[in-house]
Amino acid sequence: MRYWLALCYAFCSFWLSAQPSSIYDFDIKHWTSADGLSSNSVRAISQDQQGYIWVGTSYGLNRFDGQQFVTYSSKTIRQLPSNAINQLLLDSSGYLWIGTKAGLAGVNPASLKFERFPVLSEVTSIVQVTEQEIWLAADNLFRVKQGKVSRIDLIKEPVVQLKKAGDYVWATTAHHLHRIGPDNKVLTISLPHQLQQHPIYDLLWTGRSLHLASESGYFHLNENMQLEVCPEPHTDSSPVYTLFRDSRGNDWVSSYNSLYYRQTKGQWQRINSDELSSSPWFSDVFEDNEQNIWLASFSEGLFRASPGNIRRVTGQGQQDAIVRSVRYSATHQGLLIATQNSVGLLNPELKFQPWLNEQQLQNRNVYDFAEFRQQIWLGTDKGLLSFSPATARLQHPFAELADTQLRVVQASRAGGLWVGGATGLFHYDGRQLKAAAFNAQLESNFVTVIEDTEPGLYVGTTGGLYWYAQQKLTRVGVGTSLYGAYITGVLTLPDARLVVSTLDDGLFVRSKAGFWRQFSSSTGLPQEPVVSLWFDAKTDLLWASSLKGIFRVKSAELDGPDTQPPPFEQILTPYDRQLGAAPGRCCNGSGHSKVALWQDQLWYPSLKGLVAVPLNLKSLSDKTLKPLLQSVQGHQVYLIQPDQSRLVLALSDRNISLYYSALEFRKANEVEFRYRLNGFDQQWQYAGQRREAIYTNLPPGTYSFELQARYSGQSWSADQQQHLELVVPRLFNETLVYQGLWLLLVLLMLYGVAWLWRRKTLQHQQELSKLVRQRTSELQSSNERLYELNDQLQQLTHKDALTGLRNRRFLFEQLPKDAEQYQQNRETLLLQGKCMALLHLDLDHFKQINDIHGNSVGDAVLQQVSALLLRESRGADYVVRYAGEQFVLVLRDVQQNAVADYARQWNQKLASHLFQTPDGQALTLTCSIGYACFPLDLLGGQLISWEISLQLAEIAGKRVKLSGRNGNACLSFDAQVDAFEFEDAGHIEQLVEKLLADGMAWFELYSYRP
């Protein structure tokens, strides 16, 4: 009988560890745009043959390796019709089809070569019908075969959703459900009235029936080929967005603000927004090749739900999910559980049988259990209780322990019970309770843990650890941090080593030779404080729990060198999160009953039920991690194909970066890398989690780049290695032939120089005296001629002598040419919105600078203003010193609507510039700018006289001066002003004054204020 019971337990344990029994057993991970995702609005998920996860969002396509997102958008990939991705499908050949808001695209995930197909409408669904044929739903039904797109005329209306089921293809439109057979026969079913009013979001074929997700709820097709509402998982008609059945046969249904999950023939379970800490509003559900479930949220990013290492169990009928203590009962073949307000038994069917309620416990917290004489003994914060399950009788046997906080109730090897707590250690032999003889010797009387061994007794207290043997009490850990530590657990290993956990000082291990080694957060301990210990002799694994999680380590690793911490493996971390549970506190047992072994699983109390971990849980380090080389980047980017083993770089690439990865979606933060470039590196380069190797100034030659990946705590292995042969070609100037040619050329040049030098020396001596006389005569005549030319040049030059700018003479010669050239190209320039613009710039209060600082400072400032105008003007424009402190900027071929902004920029540039005086002072200047365009559209024709445009710019500049300076202005005219009125250029100012007075002209004035 025991054999069959053990076999049953083993089978149950294997099944429970192989498949989550509840939606709450899935570990959950969440990524958003803050993690590199292109958008929080995720619409589609797929996985390529290499293992990368592809994520389609509203703002681009993403490739994900577990750690980093690489985004592809229409800005970088011209073949992508739109950034709004609706559908992703990986066909049987490994090609990824991309349905977007604006059409269809595809990509080869290995080469990252994108392709666009001639479908111009929104793609809402894609299915593979045969190995060579893809169907897609858009404004019509299309097929893609051998790269060619054609329309399928079997359905005459826009198709919304498609689903391949056996030999049939199901298609939905606004009013019908169509079934298309292999012989192209179409069975049409009218949609119910409520489905015709709202869109259909998804189709699911379960092997027997077709299910529909719609805005009106969850429907299925019955045996009579009629669509009817599914009564489960929800009874209302709220929208359903996604239907999915995973490889285990479990069903996933995404509804508005709810996610439903059901195991095969099980009950529906629901996750809401409070349990997910986010809105469970999912547009797609996908299962990868490692049975991870990926959830695409409409607004909250990307979620991954993985079968967890642990289960959270709340017994059927258990009212309170918070568990304080747990202990295995061999008598009752179950777990003794103490919650906040009850005590009971969890049987093998995971049903909770309550024994004591809150009223009977009288607000006591149970810290420990023990079985003795067919009774359950309970150590509480208010004394010791005994309970008989047979008679349901509860007793308070010892008045001297009343109101005493007891942490330990444990069977004694010699018979009876050990009882420890705030007043010391006691022993009950079945007749009387006796205080331990050494209580008075304890520095702290608060006993927290007992380890009863054959040689003696370990007593842990809040003030240190003691050893009692042969009626002698000895302090343990003298000279170490263990002295005076708060002891939470003591464990003796089969080889006589001692392991001690503490509340504030980490974990201590005493070797067989008596040497202590301490592990804390600074020496590799992953979690603190350690509150429980368990040792599995079969696997040599030491299990430990904390308030934040669970970890384990091979006990043999605890004897390693002090310089290298042992490879602790975290089973449950503070950051691990399960569906329905927030990350954080895990194993909150407050007494001695913090862990129990049952059904080949370790059970820990937590704030949300019991945490069950399979004892034979496969280690993460047992998994083979395959690194991937993604690309090499120099002056160009080299994509590395999956089967590529050799790469020849371009001649110019000597500085390169190698990018690599390893696909791990559950524990990506525990993946580490190291690399080595054989022929260049002397040793391995440890990269940690960095995924880039950089090399500069590589000499020519052939190298071998080796990359290894591992999980934290795992040994480096050649089985987890990738190799790429890199060839750096030699440049021609690095060859021996090139170097020999240069050497020969240098020798010839030296010989030639020597020969010429000897010949020239002789000629030079003969002609030197003659040349001196001739040069002296020529120099005198040249000087006289130079003086004459300088005088003429000063009169004819177009440059201003002080500033180096073009002068007024140049302006009056060049402007007619520019005006004539504009007239020749007038029609083209007018169509482009271009014109000529004249900016008259007058420095404000410049006379004060001359009066205060002197003319030399004024000249220096004018030179600096000129340099600023030259430096900041466009290449096609020119600057003229018009008169004194007045300048004219001629803008050629400028957009007419940009002239005003250009004038404002000059106000800003001049006002923000500091002008240096010769004595080191800094001055600031402002300017008044008047500008006018040529030609100017007026009634009866265009103003084509550049002289009038220049006068209008001067008049506008005067207006700025009158308005307070430091600004710009231009004259604008009413559409009724006739160009004929401007023929008399001598009375422009009077004409402008008249037009201003009549309201037919106005100034567009801008005052610059920084």
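In short, a report on the structure. This is a predicted model, so every value here is computed, not measured. (Residues numbered from 1 in each chain as written. Predicted model: local features only at pLDDT ≥ 70, side-chain atom pairs only at ≥ 80, totals over all residues. Heavy atoms only, no water.)

Attention now goes to the overall build of the protein. For the protein, the count of helices and strands is 12 helices and 76 strands. Its C-alpha radius of gyration of 44 Å places the protein more than 25% over the 30 Å reference for a compact globule of 1010 residues. Judged by the C-alpha coordinates and their principal axes, the protein covers about 135 × 90 × 70 Å. Taking contacts inside the protein between residues at least 6 apart in sequence as the whole, the part at least 24 apart equals 52%. In the form shown here, the protein has an accessible surface area of approximately 48900 Å², with 49% of it arising from carbon and sulfur atoms. Distance between charge centroids for the protein: 5 Å, based on 92 positive and 99 negative side chains. (Helix = DSSP H or I, 4+ residues; strand = E, 2+ residues; numbered from the N terminus. Rg over C-alpha atoms; globule rule 2.2 N^0.38 Å. Contact = heavy atoms within 4.5 Å. Areas by Shrake-Rupley, 256 points an atom, 1.4 Å probe, with all protein chains shown as cover. Lys, Arg positive; Asp, Glu negative; His and termini not counted. Charge placed at Lys NZ, Arg CZ, Asp CG, Glu CD.)

The interhelical angle for the contact between helix α11 (residues 946–962) and helix α12 (residues 988–997), taken along N-to-C directions, is 60°, at an axis separation of 10 Å. The angle between α11 and α12 places the two elements in the oblique class. Taken as a pair, α11 and α12 cross one another with a handedness that is right-handed. Contact residues: α11 offers Ile 948, Gln 951, Leu 952, Ile 955 and Lys 958, while α12 offers Ile 988, Glu 989 and Val 992. Of the residues that constitute the contact of α11 with α12, the class distribution is five nonpolar, one polar and two charged. (Axes fitted to C-alpha atoms, helices over the stretch in contact; angles between N-to-C directions. Parallel < 35°, antiparallel > 145°, perpendicular 65-115°, else oblique. Left-handed = near helix turned anticlockwise from the far one by under 90°. Nonpolar A, V, L, I, M, F, W, Y, C, P; charged D, E, K, R; others polar.)

It is worth spelling out the nonpolar core at this point. The nonpolar side chains of a soluble globular protein tend to be buried with one another. In terms of nonpolar packing, the biggest core is built from 48 residues, with Leu 811, Leu 839, Leu 841, Leu 843 and Val 865 touching the most fellow members. Per element, the largest residue contribution to this core is seven residues, and it comes from strand β67 (residues 834–843). Other than its neighbours up to four places away in sequence, Leu 811 contacts Pro 816, Tyr 878, Val 880, Tyr 882, Val 888, Val 890 and Leu 950. The next biggest cluster of nonpolar side chains, apart from the first, holds 27 residues, and it includes Leu 658, Ala 693, Leu 698 and Leu 724. (Core = buried A, V, L, I, M, F, W, Y, C linked by side-chain atoms within 4.5 Å. Buried < 20%, exposed > 50% of the residue type's maximum accessible area, 1.4 Å probe, protein only.)

Time to look at the environment of Arg 248. For Arg 248, the position within the fold is in the loop between β22 (240–245) and β23 (251–255). We classify Arg 248 as buried; its relative accessible area is 15%. Each C-alpha atom of the pair Arg 248 and Leu 154 lies 36 Å from the other, and the pair is 94 residues apart in sequence. A distance of 3.3 Å separates the side chain of Arg 248 from the side chain of Gln 291, its partner in a polar contact. (Polar contact = N/O pair within 3.5 Å; in protein donor to acceptor, adjacent residues only side chain to side chain.)

Now for the sheet that holds strand β65 (residues 701–711). Ordered by their spatial adjacency, five strands build an open sheet running β60-β66-β65-β62-β63, and the pairing between neighbours is mixed. Each end of this open sheet is capped by a strand with a single partner; those strands are β60 (646–648) and β63 (685–688). Neighbour-to-neighbour, the strand axes of this sheet turn through a mean angle of 25°, independent of strand direction. As paired strands, β65 and strand β66 (residues 721–728) are joined by eight bridges and run antiparallel to one another. If you follow Phe 705 over to β66, its bridge partner there is Leu 724. (Pairing = 2+ DSSP bridges.)

Our focus in this paragraph is the environment of Ser 46. Following the sequence through the fold, Ser 46 ends up in strand β2 (residues 42–47). Look at Ser 46 and you get buried, because its relative accessible area is 4%. In the structure, Ser 46 is positioned 41 residues away from Gln 87 in sequence and 9.1 Å away in space, judged by C-alpha atoms. In this view, Ser 46 contacts Tyr 52, Ile 53, Trp 54, Leu 88, Leu 89, Leu 90, Leu 96 and Phe 286; residues no more than four positions away in its chain are not counted.

Moving on, we get to the packing of aromatic side chains. Scanning the model with the defined rule gives 43 aromatic pairs in all. Each ring, one from Trp 31 and one from Trp 294, has its centre 5.7 Å from the other, and the planes form 20°; the classification is stacked. One end of the pair, Trp 31, is in strand β1 (residues 26–31); the other, Trp 294, is in strand β27 (residues 293–297), with 263 residues separating them in the sequence. Using a relative accessible area of 7% as the deciding quantity, one classes Trp 31 as buried. Considering the side-chain rings of Phe 680 and Tyr 703, the 6.5 Å spacing of their centres and the 80° angle between planes classify their relative orientation as edge-to-face. Taken together, the positions of Phe 680 in the loop between β62 (671–678) and β63 and Tyr 703 in strand β65 put the pair 23 residues apart, joining distant regions of the chain. Phe 680 gets classed as partly exposed once you look at its relative accessible area, which sits at 32%. Judged by its relative accessible area of 7%, Tyr 703 is buried. Ring pairs connect the aromatic residues Tyr 660, Phe 673, Tyr 675, Phe 680, Tyr 695, Tyr 703 and Phe 705, which therefore count as one cluster. Against the face of Tyr 52 rests Arg 63, its NZ or CZ located 4.1 Å from the ring centre. Above the face of the Trp 906 ring, Lys 909 is positioned so that its terminal group lies 5.0 Å from the ring centre. (Phe/Tyr/Trp six-rings, centres within 6.5 Å; stacked < 30°, edge-to-face > 60°. Lys NZ or Arg CZ within 6 Å of the ring centre and 35° of its normal.)

Turning our attention to the sheet that holds strand β21 (residues 227–229). Pairing in this open sheet of four strands is antiparallel, and the strands run β18-β19-β20-β21 from one edge to the other. Lying at the two open borders of the sheet, with one neighbouring strand each, are β18 (200–205) and β21. Along the sheet, successive strands turn relative to each other by an average axial angle of 25°, direction set aside. As paired strands, β18 and strand β19 (residues 210–214) are joined by five bridges and run antiparallel to one another. When the bridges of β19 are listed, Asp 202 appears paired with Ala 213.

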